[in-house]
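# Remarks on the overall topology
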Amino acid sequence: MRYSPAEMNPVATSSAHSLDLARIRGVSIDLDDTLWPIWPTIERAERVLIEWLRAHAPQTARNFADQSAVRAIRVDMHRLRPDLQHDLSAMRRESIRLMLTRSDEDPGLAEAAFDVFFAARQEVEFFDDAMPGLKRLGQRFPMVAVSNGNADVHLIGIGGHFKAALSARSVGVAKPHAGMFMAAAQALDLPLDTVLHVGDDAQLDVAGAARAGMQTAWIHRGEGGWDEAVHGQAPGVHVSSLLQLCDILGC
């Protein structure tokens, strides 16, 4: 299944932009909510996790059958283990361990349970434009994947499009920290101002990349436009799909 831009209720966007097209020599691109919607992916993976727990830790499955209870335990874990804030895999694994412990079941099951969740988390449903857009971008520019999350581009099947894939865990900082964007430019062996960062989040992607010195493309499939009073300086370009961005870039 794929999600089309029309299904996401996009607003019309303009082809007008402030990009310096001649300077763009590489692309960094966000993953979650840029190439696929993240919350349907997470909710499905959590359902798979609960099914596994029903067979191996039934009391835990009963206690956390409601996804709101799973989310609540993750809030607790963020408070208890702030040292894991840049490692969502470790945060999820320790959340599962806490679920088991609070249910008086074997916390040693956390590793196997996490593996089940992690495999399901890689089963994403791309937006309609994502795969053809990646192909067109990759034919023109070297690309690096940049994410605060724990999507694995190789398990998902898109690793071949990227020269590198960076996460908050691997870099040690998360977007919007400039260090993430500096690492992306280094992975491409390009100056920051020759890299175009593409992402959906106004602060984590657009504002963060702009402050670091990159050009920016805001991919926004929902309703509403850029509000400078809320988000600050406008992105170099606002598009509703990767294919629209490809048209602007001439790829």
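In short, a report on the structure. Keep in mind that what you see is a predicted model, and the values were worked out from it rather than measured. (Residues numbered from 1 in each chain as written. Predicted model: local features only at pLDDT ≥ 70, side-chain atom pairs only at ≥ 80, totals over all residues. Heavy atoms only, no water.)

### What about helix H4 (residues 88-102)?
The first and last C-alpha atoms of H4 sit 21 Å apart over 15 residues, in line with the 21 Å expected at 1.5 Å per residue. Buried within H4 we find Ser-89, Ala-90, Met-91, Arg-92, Glu-94, Ser-95, Ile-96, Leu-98, Met-99 and Leu-100. The secondary structure elements touched by the buried residues of H4 are helix H1 (38-56), helix H2 (58-63), helix H3 (67-80), helix H5 (110-121) and helix H8 (168-171). (Helix = DSSP H or I, 4+ residues; strand = E, 2+ residues; numbered from the N terminus. Expected span 1.5 Å × (residues − 1). Buried < 20%, exposed > 50% of the residue type's maximum accessible area, 1.4 Å probe, protein only. Contact = heavy atoms within 4.5 Å.)

### Side note on the pairing of strand E4 (residues 195-199)
Counting buried residues along E4, five of its five residues qualify, which places the element largely inside the surrounding structure. Alternating residues of E4 divide into Val-195, His-197 and Gly-199 and Leu-196 and Val-198, and every residue in both groups is buried. Looking at chain direction, E4 and strand E5 (residues 215-219) are connected through four bridges and run parallel. Across the sheet, His-197 pairs through a bridge with Thr-216, a residue of E5. For the segment spanning E4, helix H10 (residues 202-212) and E5, crossover handedness is right-handed. (Pairing = 2+ DSSP bridges. Right-handed = clockwise from strand over helix to strand, strands pointing away.)

### Focus on the sheet that holds strand E3 (residues 164-167)
Ordered in space as E3-E2-E1-E4-E5-E6, the six strands form an open sheet in which the pairing is parallel. At either margin of the open sheet sits one strand with a lone partner, and together these are E3 and strand E6 (237-239). Averaged over all pairs of adjacent strands, the angle between strand axes in this sheet comes to 20°, irrespective of strand direction. One ladder, built from three bridges, connects strand E1 (residues 26-29) with strand E2 (residues 143-147); its direction is parallel. Across the sheet, the residue bridging to Val-27 is Met-143, located in E2. Sheet strands in contact with H10 are E4 and E5, and its direction is about 165° off that of E5. (Axes fitted to C-alpha atoms, helices over the stretch in contact; angles between N-to-C directions.)

### Quick look at helix H6 (residues 130-140)
For H6, the set of buried residues is Ala-130, Gly-133, Leu-134 and Leu-137. Along the axis of H6, the buried positions cluster into a sector of 100°, meaning they face one direction only. With respect to the buried face of H6, the exposed residues turned more than 90 degrees away are Lys-135 and Gln-139. On its buried side, H6 packs onto E1, E2 and helix H12 (242-249). (Arc of directions from axis to C-beta.)

Bear in mind that shape data such as this cannot, by itself, settle questions of function.
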